[in-house]
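So the chains spell out like this:
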Amino acid sequence: MKNILALLFTLVAMSSFAQIKMQGTVRDSIGSPLELANIIAINKESNTLESYAITDADGKYVISLGENGSYNIQVSYIGLKSVDETVETKEADITKDFSMVSDNMLDAVELTYDMPVTIKGDTLIYNADSFKSGTERKLEDVLKKLPGVEINTDGQIEVEGKVVNKLMVNGKDFFDGDSKLATKNIPSNAVDKIQVLRNYAEVGQLSGVQNNQDNVAINIKLKEGKENFWFGDVTAGGGVAPSPNDELYMVQPKLFYYSPKYSINVIGDLNNIGEVALTGRDIRNFGGGFRRPSSSSGTNLNLGNNGLRGLTNIDDSQSIESKLGAVNFSYSPNKALDLSGFLIYNANRLKTRQESFVRYTNPELGIPDEETIQTGREATNQGLAKLSASYKPNASNQLDYDVLARISDDSELQNEFSDVVGNTTQLDEAKPFSINQNLNYYYTLNETNIFAFEAQHLIKDEDPFYNVIGLKEEGAFESTATSLGLDTNQNSYNLNQERRVKSNQLDAKLDYYNILNSKSNINLTLGTILSKQEFNSNIFQFLDDGSFFDPTASLTNEEGEVLRNENDTEYNFSDIYLGVHYRLKTGKFTITPGFSVHAYGNKNTQFGETYEENFFRILPDFETQIQFKKSESLTFRYNMQNSFTDVTSLAEGLVLNNYNSLQYGEPSLQNSLSHNLNLRYFSFNLFNYTNVFAFLNYNKNIDQVRSFTNFDNVIRTNTYFNSNFADESVSASGRVQRTFGKLRASMRVGYNYSKSNQFIQDVRSVNETFSQTYSPELRTNFRDAPNVTLSYRYSISDTKQGDNNETQFITNAPSVEFDAYIWKALTFRTDYSYTSQSSNVGPTDSFQTWNASLAYRKDQDAKWEYQLRATNLLNIDSNVNNGSSNISVYSSETFILPRFITFRLTYTL
């Protein structure tokens, strides 16, 4: 493998650096340097774009040209007459300056090619065709080739290290709240321009008074001829798997219609080959573009997540059946009103298998090591619907309304063998639903006074049910069963728990902005968070004869009080706050100091007893940004945050997380306070195509809500308290990316240090973890030659558990991707990765993956494409994963999909 990677690297380097350099300066007629002038080099023999550049602040440019060639050099700048000259290259570098003059007639030379990258204010514009080689099929294939843009491991788009939170097509929302549906489905041949909107403000009235540097949006401009016509593709296929009884199938229609007045997008997916458009977790995290009005107030209220989380990662399943139906629309009946929305139905059926071994690192705890074999089935049925309306009658008024509804019907069935507990069968079921409504109104009174009202109302109902059968074979559960009050005179335990969590929350604020002058403004905020949560649970047993038994627990808390097997808790929370912020621009600096004053109210009622707390708190925050250049900035932030836990941590009765994990809460839990510091640097230099971003974060939690854990064999019981010991964490990450001709090199690094306090078996210990990750990558971007991407990930994780236990895990993961467009008709793509994990506490494990595809279409405009695709060519049956927790080290083997070979037929509209 190392030899192959070295050979590929050598070939890439040779092809990339066999060029000459042409450089110089672009000036105007009086000799002043011109920044952001465009230079294009066109190969006269092939009439294709060879190279391009944008001048820096000193008017300098550098482009790469081939040896012994003839090139048409075009230089353009807004308002000046374009320059068009021919340059003949030999084998030596060239220095050439250009002078541009005014031309009111603007009879400039007609540019043969658009600039691949241009800048207009805070907008980066990529010409998609400049980065295509012919192997691209979907939007993500183009995005991966754009400098400064990445697709992360979760399928999200990142620009300069920031996740894109809004994606539009021709200015219209595309499934607002998730970019994966766009990247995986929009055909690449429909994309003309990709506009990256930095410092994006959804409300134009607030763009001059808010700091929006965290907001990044992307707008996809379609090619001419795509409006007022349906476009997209339909793919159907089948194939074979190693088992003769497995028949593979897939049907994937992806259709789009855009007109100036309305748009419709239809995405369907039906397959059992593991190509899942949206996972159950994606749907659960699908926010629909909603943001809490109080997100910057300093208050963090956790409503919890009581739905099902999934047995395993969907990519680590033995079989997958997937169904997706999604429709997105927008409609503008007039210039003042925009309507949009979407409807999504998603269903997945999974089979899983995992074998794992857990070794507890502190023998004094007396916890036995455990080996488990888990097989499971997961079924999810999820639906989302969103409707949005935006009314802008004039420049001074804007009214927005959104409603997002979601419903699920999920179940997980898991059979587990433990060499400590024995055989168990576990069933989780849940049918949660939620309705989230958002109402915003923005009013500009005059040039100096702006008002903004934002309100969000959330109703959430979660009802997980848990059942486990077994636990009698080895007797390891006996003492826990006695503590729960179960009838122990049974052949096996049939243990059940019903839970219900209802949440009702109003989050609203009124902002007033007073623009003092062109450099400063003041912002006053009056806001509130009102929340009510109801939590009910009950643990019960079915006996061997099928009768119902309601046990009475004998387990006691720290005060010696007997715990209940049920909960009946109502938790009311209120926060009324006033915020003051001042924003000042002076030179390169934008400074925003501020604070908020909060009046908090907490009350929870359980079994007739009430626990109440009311207090005031001042939370300061500060932000300053240094704008060195248009595309280079440094931002520092500090804020103090008050965090409140959810109702399940307050409920004093017993709760089953699963058979080997119980918890009970503490009604008198207090809030935790944290100090958060963030430093961020970003630079995008189009002169030498260098993209740099770096983050540094520090967090210190005071009065952190921690768990106190006791073990009975491998059965753990947790309760919660406010720790007097602070937890701290420091993280740093960054990436440097630079383009050298047709070669793009990048290096991403990440560091994380955390110190946390844990309390187990009446013993406090301090755990420290330090992890490092290094990810270099080399990628070519040839238009007419095969392209290669070489990647490597090297990570080290060191964990110190208490005073005596230290573990270290090292991961090496090289990978290579190759794609070639052959004879303008065949597209060959393949990817290979190898992962090796070693540690000081166990043997080295490794696994590898290899996929490939070959597609034929007569030419790029052909309607039909025929494709043969193979996944998991080596037929690897499992992945391995080693790691550590605060008290143990573990090794797991997860079984995955076998080798699939499919034939696909795609028709392009």
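Presented here is an overview of the structure given in this document. (Residues numbered from 1 in each chain as written. Predicted model: local features only at pLDDT ≥ 70, side-chain atom pairs only at ≥ 80, totals over all residues. Heavy atoms only, no water.)

## Overview of the packing of aromatic side chains
Tallied over the full model, the rule gives 28 aromatic pairs. Ring centres 5.4 Å apart and planes at 50° place the aromatic pair Trp230 and Tyr257 in the tilted group. Residue Trp230 is located in strand E18 (residues 230-240), and its partner Tyr257 is located in strand E19 (residues 247-258); the two are separated by 27 residues in the primary sequence. Taking the relative accessible area as the measure of exposure, Trp230 reaches 41% and is therefore partly exposed. For Tyr257, a relative accessible area of 13% translates into the label buried. Here Tyr257 and Tyr262 contribute two aromatic rings whose centre-to-centre distance is 5.5 Å and whose plane-to-plane angle is 25°, an arrangement assigned as stacked. (Phe/Tyr/Trp six-rings, centres within 6.5 Å; stacked < 30°, edge-to-face > 60°. Helix = DSSP H or I, 4+ residues; strand = E, 2+ residues; numbered from the N terminus. Buried < 20%, exposed > 50% of the residue type's maximum accessible area, 1.4 Å probe, protein only.)

## Some thoughts on the sheet that holds strand E14 (residues 166-169)
Backbone hydrogen bonds are what pair the strands of a sheet, in a parallel or an antiparallel way. Pairing is mixed across the open sheet formed by six strands, whose spatial order is E9-E10-E16-E17-E14-E15. Strand pairing shows two members of the sheet lacking a second neighbour, strand E9 (117-120) and strand E15 (172-173), which therefore form its edges. (Pairing = 2+ DSSP bridges.)

## A short note on empty space enclosed by the protein
Throughout the structure, instances matching the rule amount to three cavities of 30 Å³ or more. Considered as a void within the structure, the largest cavity measures approximately 140 Å³ in volume. By volume, the second largest cavity amounts to about 50 Å³. Every residue lining the second largest cavity is listed: Asp173, Asp176, Asn328, Ser340, Gly341, Phe342, Lys386 and Ser388. When contributions to the lining of the second largest cavity are tallied by element, the ones reaching two or more residues are strand E23 (337-360) and strand E24 (370-394). Top contributing element to the lining of the second largest cavity by residue count: E23, with three residues. Residue composition of the lining of the second largest cavity, grouped by class: one nonpolar, four polar and three charged. (1 Å grid on protein atoms, 1.4 Å probe; cavity = no way out; pocket = protein on both sides within 12 Å on 5 of 7 lines; lining within 4 Å. Points joined across faces, edges and corners; volume = space filled by probe spheres on them. Nonpolar A, V, L, I, M, F, W, Y, C, P; charged D, E, K, R; others polar.)

## So, the nonpolar core
In a soluble, globular protein the nonpolar side chains are often hidden away together inside. Residues Ile73, Tyr126, Phe174, Ile194 and Ile344 are the most contacted members of the largest nonpolar core, which totals 74 residues. When residues no more than four places from it in sequence are discounted, the contact partners of Ile194 are Leu124, Ile125, Tyr126, Leu139, Val142, Leu143, Leu146, Ile218, Asn219 and Ile220. In this structure, Phe477, Tyr659, Leu662 and Phe711 belong to the second largest nonpolar core, which totals 29 residues. (Core = buried A, V, L, I, M, F, W, Y, C linked by side-chain atoms within 4.5 Å. Contact = heavy atoms within 4.5 Å.)

## Focus on the pairing of strand E22 (residues 319-331)
Side chains Ile320, Ser322, Leu324, Ala326, Asn328 and Ser330 of E22 all project onto a buried face; the interleaved residues Ser319, Glu321, Lys323, Gly325, Val327, Phe329 and Tyr331 project onto a face where none is buried. Two strands pair when backbone bridges link them, and strand E20 (residues 262-271) and E22 are joined in this way by ten bridges, in the antiparallel orientation. Looking at the pairing, Asp269 lines up with Leu324 of E22. As paired elements, E22 and E23 share 13 bridges and run antiparallel to each other.

## Quick look at a negative patch on the surface
Taken together, the side chains of Asp369, Glu371, Asp419, Glu473 and Glu474 present a region of like negative charge at the surface. Summarising the element assignment, Glu474 is placed in the loop between strand E29 (465-470) and helix H5 (478-484). (Patch = residues over 30% accessible without salt bridge, like charges linked within 9 Å, V, L, I, M, F, W, Y side chains within 5 Å. Areas by Shrake-Rupley, 256 points an atom, 1.4 Å probe, with all protein chains shown as cover. Salt bridge = Lys/Arg side-chain N within 4 Å of Asp/Glu carboxyl O. Lys, Arg positive; Asp, Glu negative; His and termini not counted. Charge placed at Lys NZ, Arg CZ, Asp CG, Glu CD.)

## Examining the sheet that holds strand E13 (residues 162-163)
Read from one edge of the open sheet, three strands run E11-E12-E13, paired in antiparallel fashion. Two strands lie at the open edges of the sheet, namely strand E11 (149-151) and E13, each paired on one side alone. With three bridges joining them, E11 and strand E12 (residues 157-159) adopt antiparallel strand pairing. Opposite Val149, over in E12, you have Val159 as the bridge partner.

## Some thoughts on unusual backbone geometry
Negative phi is the rule for most residues except glycine; trans is the rule for most peptide bonds. Residue Asn170 is not a glycine yet carries a positive backbone phi of 50°. Within the secondary structure, Asn170 is located in the loop between E14 and E15. Positioned with a positive phi, Asn199 is a non-glycine residue whose angle comes to about 50°.

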